[in-house]
Amino acid sequence: MQNEPQGNYIRGVLMIIISAFCFACMNICIRLSGSLPSIQKSFFRNLVAACFAGIIIIKDNPQTHPLSLRIPRQARSALIWRCVFGTVGILCNFYAVDHLLVADASILNKLSPFFAVIFSYFLLQEKILPFQAGCIFSAFCGCLLIVKPGFHNAALLPALIGICGGLGAGIAYTMVRKLGMMKIKGPVIVFYFSLFSCLFLAPWIVINFAPMTLHQIITLLMTGLFAAGGQFSITAAYTYAPAKKISIFDYSQIIFAAALGFALFHEIPDKFSFIGYALVIAASLMMFLYNRRRDAN
C-alpha cells in the first residue's frame, strides 16, 4: 500500500487531537449530568450528533454538489458494521463509566486504538511496522501510569463490558477508515451511525425515561455537542490516514481530561501521572517524526 500523502497525515493528526479534546469535554459533561441511566445519556449524545450531521448534509452546497445519503452497494456492509459496533462501543463505555472506577473505565476505553490497528491489519491489510507498534505500546504504558486502574476493586462483568466497549469502538473506527477509502463523506457516516443508535435506543427511552432537571438537560445537550464535535473529527481523522499512523494521538485525551479535571474539580495528578503524560507525549512525538521522515523518503 502506498504511503499516505503528507498533507492528509497532518490533517488526520489534527483531527484526532481535536476529537480527543471534544471527547474529554464530553466525559466531563457526563460526570456533571448526575446519575441518569447510561442508555439515556447515550441517546442524547447521538441525538444531537444526528441533528448536526443532518443539517450539514442539507446545507452542503445544495445547488451544486449536495451530499447524497445514497450508499453504494459495496459500502453498505461496512456502514452497517460501523453503526452496530459503534453503538455497542458507546453503550459499553457508558455502562463502564457508571459501574467502574473512572480510571478503570478510561483505560478500558483507551483500548480502542489497539483494536483499530489490529482490525486494520486483518480487514484492510495495513501493515504494522515494529517502530509504530513500539510507540503504541509506550503510550499504553503511559496510559496505565496515568489512570492506575485498580482491577481488584472492579466487578468482573462491568470490566468485561468495558473491554467490549473498546473492542466495539476499534472495529467501528476500522470501518470508518474503510468507508473513507470508498469516498463516503464523514457527515453521511456520522448521520447514519447516530440515527441508527437513536432508533435502536428509542424503545428503551420511551418505556424507562427518567425525568431530568433543567441543569441535566443542558448538560446532556452539551454532552451531545461535544460528542458531535468529537465524532466528526475522529471520522475525518480515520478517512485521512490509517489507524496505525494516527491512533497514537488519541491518547492526548488523557492530557485534556487531566487539565479539565484540575480546572473544574481541582484534581491534582500524582508523580506517576506526570510520568505517564511524558510517555504519551514522547510516543506521540516519536510517531509523528518517524512518519514524516518515512513519507519524505
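First, a word on scope: everything that follows refers to the structure included in this document. (Residues numbered from 1 in each chain as written. Predicted model: local features only at pLDDT ≥ 70, side-chain atom pairs only at ≥ 80, totals over all residues. Heavy atoms only, no water.)

Counting its regular elements, the chain contains 12 helices and 0 strands. The secondary structure elements of the chain, listed N-terminal to C-terminal, are α-α-α-α-α-α-α-α-α-α-α-α. Within the span of the chain, comprising 297 residues, buried residues form 51% of the whole. For the chain, the proportion of contacts with a sequence separation of at least 24, taken over those separated by at least 6, is 92%. (Helix = DSSP H or I, 4+ residues; strand = E, 2+ residues; numbered from the N terminus. Buried < 20%, exposed > 50% of the residue type's maximum accessible area, 1.4 Å probe, protein only. Contact = heavy atoms within 4.5 Å.)

Within the chain, Lys183 stands out as a residue other than glycine whose phi angle is a positive 70°. When you line up the elements, Lys183 lands in the loop between α7 (156-181) and α8 (186-208). According to the relative accessible area criterion, Lys183 is exposed, its value standing at 69%.

A few words now on the environment of Phe131. Examined against the element boundaries, Phe131 turns out to sit in helix α6 (residues 130-147). Sequence spacing of Phe131 and Met286 is 155 residues, and the spatial spacing of their C-alpha atoms is 9.3 Å. Those residues in contact with Phe131 that lie beyond four places of it in its chain are Met286 and Tyr290.

This next bit is on the side chain of Lys41. Residue placement: Lys41 occurs in helix α2 (residues 38-59). Ignoring sequence-local partners within four residues, the contact set of Lys41 consists of Ile30, Ser33, Gly34, Leu36, Phe94, Asp98 and Leu220.

These results come straight from atomic positions and should not be treated as a statement about function.
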